[in-house]
Amino acid sequence: MVRFENVAMRYGRGPEILHDLDLDLAPGAFHFLTGASGAGKSTLLRLLYLAERPTRGRVFLFDRDIAQVPQRELPGLRRQIGVVFQDFRLLDHLSALDNVALPMRVAGAREDTIREHVVDLLRWVGLENFVNAKPSTLSGGQQQRIAIARAVITRPQLLLADEPTGNVDDAIALRLLHLFEELNRRGTTVVIATHNEALIERFGYPTLEIENGRVRHRAGRARAG
Amino acid sequence: MAGSGIAPAERGRADDMARARTLPLHQDGSTRFLPWLIALMVFLAALAVGAAFALDTALERWNDGLRGTLTVQLPRPAGGGPLAPATMEAALAAMRAVPGIVSAVPLDAAAQSALLKPWLGDNADAVELPLPVLVDLRLAAGASIDDAALARKLDHLVPGARVETHGAWLDQLFRLASMVEIGTAAIVLLIGSVAIVTVIFTTRTGLMIHAPVVDLLHLMGAPNLYIARQFQWHAFRLGVRGGVIGLVLALLAFGALYLAAQQGAATADLMPGFRLPIGAWISVLALPLGMGLAGLMTARITVLRALARMP
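Note that the coordinates shown come from a computational prediction; the quantities given were computed from them, not determined experimentally. The residue numbering used here restarts from 1 in each chain and proceeds along that chain's sequence as written. Naming scheme: in the order in which they are written, chains are lettered from A and ligands are numbered from 1. Where local features are concerned, this predicted model is filtered to residues with pLDDT of at least 70; where side-chain atom pairs are given and counted, the filter is 80 or more; whole-chain, interface and lining totals use all residues.

Peer 1: Pulling in residues and values, what's your account of the overall build of chain B?
Peer 2: A count of helical and extended segments in chain B gives 11 helices and 4 strands. Across the 311 residues that make up chain B, the buried fraction comes to 28%. Remark: residues whose backbone-derived C-beta atoms lie within 7 Å of one another are considered to be in contact. Counted over contacts in chain B with a minimum sequence separation of 6, partners at least 24 positions apart contribute 86%. Only DSSP runs of H or I reaching four residues or more are called helices, and only runs of E reaching two or more are called strands; each is numbered from the N terminus. Here exposure depends only on C-beta density: within 10 Å of a residue's C-beta, 20 or more other C-beta atoms make it buried, 12 or fewer make it exposed, and intermediate numbers make it partly exposed, the C-beta atoms being placed from the backbone.

Encoded structure:
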């Protein structure tokens, strides 16, 4: 699903943030990504969702070497990746429905199909009564669930979430993690960046820990539930 | 969980209205001035096009009026006084004898005074001027004559006689018209270039203002054309809106010029009135659409080039 070979990353002429990174995520895997602030979690996620190209090394996504993929085929690859951004990146001028619908519209789906799926998904995340609400009228937790719904609406093969439980209480955090698990059970590879050690401990999935620009693999244990 | 993958069969006709809302370009204050700028450009372009066509039409009318006619000037004798009737008759007979000439009619004093009236006023006939006798020659339809040979023949009868074909005067006018047409084309080209540069800068500003949304769409896998289409149709709408405003202003200006030409007694003798041919109307009426299409293509290319530089 995802393979990094000797990947390094720096921004401009700045210091190297990631060094000699080797990574191999199997299809259907579930991983936590952790590390101190500034360790490079967000940079690794940006490499994964193709917002950046590595300074050196090779990145393989869906068995394709990204450096060899023609520009015109990149949007198709990106549509197989769902991203929950730390700052949500919801569009304030659009309703909850239109925000969640965005990836489907981008993919060229029909409006009747879009509406049906979006309403169903908003029900799934417990926001069926906020279909027409603008993000600015919703709480942080509700916005987060909209962002998650948007990330999963097209059933991506790879789901990346940057601190998805950062703005919600423990009960909601647990519920969100269960949502991700359900997606994972349906075949989606999931990578969740988080500082929440309690969640990592509770769910017991393997962890990628970034320290000094290098990734340390921490094995998981049998799922605790 | 409802979000299932999008089957290819489900892809198809998009709801353009819903898609158009993705980028809030209509809320963008930086483009509010664009329709007015385009209105001004279309107004100036319409005036330039109208002026060029009006001059062309006027020249055609002058040309039509003078085609098939020549004027012969027979100077008075050196000592003054009128031409001898016998000499006059001999000259007229020589003219009428030329194949292709259907009539040779000398202008009487009243007609000559009428010609001088625009310059000398109502007292033209009271002024004693050593004017030559003017003879109006009419040619048969499609006929042409050797005016130099006729001039030589008449010179034997009336020394100093001249045959005026109006060609040199018309040539100068047509040269002037050509220069005006080239000038008009240059003005329209310049206005088009300014419009394109304006749309480029407006689109780039829009890309900067909406960079977070553009970046988000890009990361979601939006094809570059999906993003470009939203900018291009926004530019098209602004271009057409501005073009229509400019067109209305230009039509009002044309109406004023037409009324001025109809009512202006002073210009009536020299100008054949302000009229535009059908080609001019088509060109002027097409300006808003042309401006819209220029905006559309410019915005599309600008956005596609900017997106091609993204990772």
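Picking up after the structure, the text goes on.
Peer 1: A description of the overall build of chain A should follow, citing residues and the corresponding values.
Peer 2: Within chain A, the regular secondary structure consists of 7 helices and 10 strands. Our radius of gyration is a C-alpha quantity, and the globule rule it is checked against amounts to 2.2 Å times the number of residues to the power 0.38. The C-alpha atoms of chain A give 17 Å as radius of gyration, which agrees with the globular expectation for 225 residues (17 Å, within 12%). Overall size of chain A, expressed as C-alpha extent along the three principal axes, is 45 × 40 × 30 Å. Burial statistics for chain A: of 225 residues in total, 44% are counted as buried. Put simply, 66% of the contacts in chain A that link residues at least 6 apart link residues at least 24 apart.

Peer 1: Please provide a residue-by-residue account of the sheet that holds strand E9 (residues 207-211) of chain A, values included.
Peer 2: All names here are of chain A. Spatially, E6-E7-E8-E3-E9-E10 is the arrangement adopted by the 6 strands of the open sheet, whose pairing is mixed. Both edges of this open sheet fall to strand E6 (81-84) and strand E10 (214-218), since each of them pairs with a single strand only. Sheet twist, expressed as the average angle between the axes of neighbouring strands with direction ignored, equals 20°. Strands were regarded as paired on the criterion that DSSP finds at least two bridges between them. Across 5 bridges, the pairing between E9 and E10 is antiparallel. Bridging across to E10, Glu211 finds its partner in Arg214. Along the sheet, helix H1 (residues 41-48) makes contact with strand E3 (30-35), strand E7 (158-162), strand E8 (189-193) and E9, crossing E7 at roughly 155°. Here an angle of 0 to 180 degrees is reported between the N-to-C directions of two axes, which are lines fitted to C-alpha atoms, with helices fitted over the stretch in contact.

Peer 1: If you had to explain the nonpolar core to someone new, which residues and values would you point to?
Peer 2: Counting 112 residues, the largest nonpolar core has Val100 and Leu160 of chain A together with Val42 of chain B as its most contacted members. Counting residues per element, this core draws most heavily on helix H2 (residues 34-66) of chain B, at 13 residues. Definition of nonpolar core: a set of buried Ala, Val, Leu, Ile, Met, Phe, Trp, Tyr and Cys residues joined via C-beta atoms within 7 Å.

Peer 1: So, the environment of Ala140 of chain B: which residues are in play, and what are the values?
Peer 2: Residue and element names in this part refer to chain B. Relative to the helices and strands, Ala140 is located in the loop between strand E3 (133-139) and helix H5 (147-157). Among the residues examined, Ala140 registers 13 C-beta atoms within 10 Å and is labelled partly exposed. As a C-alpha pair, Ala140 and Ile101 span 39 residues in sequence and 6.2 Å in three-dimensional space. Excluding residues within four positions of it along the chain, Ala140 makes contact with Gly100 and Val102.

Peer 1: Lay out the sheet that holds strand E1 (residues 2-10) of chain A in plain terms, naming residues and giving numbers.
Peer 2: Residues and elements named next belong to chain A. A sheet is described by the order of its strands in space; here 4 strands give the open sequence E2-E1-E4-E5, paired in antiparallel fashion. Among the strands making up the open sheet, the edge pair consists of strand E2 (16-25) and strand E5 (64-65). Running at roughly 125° to E1, H1 makes contact with E1, E2 and strand E4 (56-61) of the sheet.

Peer 1: Report on unusual backbone geometry, specifying residues and quantitative values.
Peer 2: All names here are of chain A. For Phe62, which is not glycine, the phi torsion reads 50° and is therefore positive. For Phe62, the location among the structural elements is in the loop between E4 and E5. Here Phe62 falls in the partly exposed class, since 16 other C-beta atoms lie within 10 Å of it.

Peer 1: Lay out the confidence of the model for chain B with the relevant residues and their values.
Peer 2: Residues and elements named next belong to chain B. What pLDDT reports is the predictor's confidence in each residue, on a scale of 0 through 100. Residues with a pLDDT of 70 or more make up 87% of chain B, whose mean pLDDT is 82. Mean pLDDT per element in chain B: helix H1 (residues 16-20) is the minimum at 46, and helix H11 (residues 287-308) is the maximum at 94. Confidence over residues 1-20 falls short of pLDDT 50; this stretch has 37 contacts with residues more than four positions distant or in other chains. Every residue in residues 267-271 is under pLDDT 50, and counting partners more than four places away or in other chains gives 4 contacts. If you check the scores for this complex, the pTM reads 0.74 and the ipTM reads 0.89.

Peer 1: Residues and numbers for the environment of Ala52 of chain B, please.
Peer 2: Note on placement: Ala52 of chain B falls in helix H2. Along the chain, Ala52 of chain B and Met179 of chain B lie 127 residues apart, while their C-alpha atoms are 9.7 Å from each other.

Peer 1: Which residues make up helix H7 (residues 211-219) of chain B, and what values go with them?
Peer 2: Those residues of H7 of chain B that fall on the buried side of the exposure criterion are Val213, Val214, Leu216, Leu217, His218 and Leu219 of chain B. Phi turns positive, to about 95°, at Gly221 of chain B, one or two residues after H7 of chain B.

Peer 1: So, the packing of helix H3 (residues 85-96) of chain B against H5 of chain B: which residues are in play, and what are the values?
Peer 2: Residues and elements named next belong to chain B. The contact between H3 and H5 brings their axes to 10 Å, and the two run at 165°. Here H5 runs roughly antiparallel to H3, going by the angle between their axes. As H3 runs across H5, the sense of the crossing is right-handed. Side by side, H3 and H5 meet where Thr87, Ala90, Ala91 and Ala94 of the first sit next to Lys153, Leu154 and Leu157 of the second. Residues are grouped as follows: Ala, Val, Leu, Ile, Met, Phe, Trp, Tyr, Cys and Pro are nonpolar; Asp, Glu, Lys and Arg are charged; all remaining types, including Gly, are polar. Looking at the contact of H3 with H5 residue by residue, the class counts come to 5 nonpolar, 1 polar and 1 charged. Just so you know how the angles are binned, under 35 degrees is roughly parallel, over 145 roughly antiparallel, 65 to 115 roughly perpendicular, and the rest oblique. In this scheme, a crossing is called left-handed if the near helix is turned counterclockwise away from the far one by less than a right angle; it is called right-handed if the turn is clockwise.

Peer 1: I'd like to hear about H2 of chain B, residue by residue, with values.
Peer 2: Between its first and last C-alpha, H2 of chain B extends 48 Å over 33 residues, near the 48 Å set by a 1.5 Å rise per residue. Of the residues flanking the end of H2 of chain B, it is Gly68 of chain B, one or two places downstream, whose phi is positive at about 85°. For a helix, the expected span equals 1.5 Å multiplied by the residue count minus one.

Peer 1: Break down the packing of helix H3 (residues 96-106) of chain A against helix H5 (residues 140-152) of chain A for me, citing the residues and quoting the values.
Peer 2: Residue and element names in this part refer to chain A. For the pair H3 and H5, the least separation of the axes is 7 Å and the interaxial angle reads 30°. In terms of their interaxial angle, H3 and H5 are classed as roughly parallel. Seen along the crossing, H3 lies across H5 with a hand that is right-handed. Contact residues: H3 offers Ala96, Asn99, Val100, Leu102 and Pro103, while H5 offers Ile146, Ala149 and Arg150.

Peer 1: Go over the confidence of the model for chain A with me, naming the residues and quoting the values.
Peer 2: With 98% of its residues at a pLDDT of 70 or more, chain A has an overall mean of 89. E6 of chain A holds the highest mean pLDDT among the elements of chain A, 95, whereas helix H6 (residues 170-185) of chain A holds the lowest, 86.

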